[in-house]
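Observations on the model geometry
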Amino acid sequence: MKQAEITALSLQEVKEQLTTERNNLQNLKFAHAISPLENPSRIKHTRKTIARLETQLRSLELNG
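Because the structure is a prediction, the values reported are computed rather than measured. (Residues numbered from 1 in each chain as written. Predicted model: local features only at pLDDT ≥ 70, side-chain atom pairs only at ≥ 80, totals over all residues. Heavy atoms only, no water.)

1. Let's talk about the environment of Leu 53
Here is the rule we go by: Where helices and strands are cited, they refer to DSSP runs of H or I of at least four residues and of E of at least two residues respectively, numbered from the N terminus. Pairs of residues are marked as contacts when any of their non-hydrogen atoms sit within 4.5 Å.
Examined against the element boundaries, Leu 53 turns out to sit in helix 3 (residues 41-63). Between the C-alpha atom of Leu 53 and that of Glu 21, which follows or precedes it by 32 residues, the distance is 9.2 Å. Excluding residues that lie within four positions of it along the chain, Leu 53 makes contacts with Ile 6, Leu 9, Val 14, Gln 17, Leu 18 and Glu 21.

So, in structure tokens, the structure goes:
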């Protein structure tokens, strides 16, 4: 998810997307523990997306 897409989300949408991404990260980690992922950089990408969402969530909580 790009930063422009994240900034366009509302507070509730950010929370929903954050939950989805956290579940996705957990599933990726489980799959990687069982057998190596074809593209392990997806774990890194998902972590960074979660960080962006958390930053946007905090910004929305402070400003809105």
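2. A word on the pattern of salt bridges
Our working definition: Salt bridge, as used here: a side-chain nitrogen of Lys or Arg that lies within 4 Å of a carboxyl oxygen of Asp or Glu.
The final tally for this structure, using the stated rule, is two salt bridges. Of the charged contacts, one joins Arg 22 and Glu 54 as a salt bridge, the two residues approaching to 2.5 Å between their closest N and O atoms. One end of the pair, Arg 22, is in helix 2 (residues 11-34); the other, Glu 54, is in helix 3, with 32 residues separating them in the sequence. Residue Glu 61 is joined to Arg 58 by a salt bridge in which the shortest nitrogen-to-oxygen separation is 4.0 Å. Here the residue Glu 61 and the residue Arg 58 both occupy positions in helix 3, the gap between them amounting to three residues, near one helical turn.

The quantities given are spatial measurements derived from coordinates; they are silent on function.
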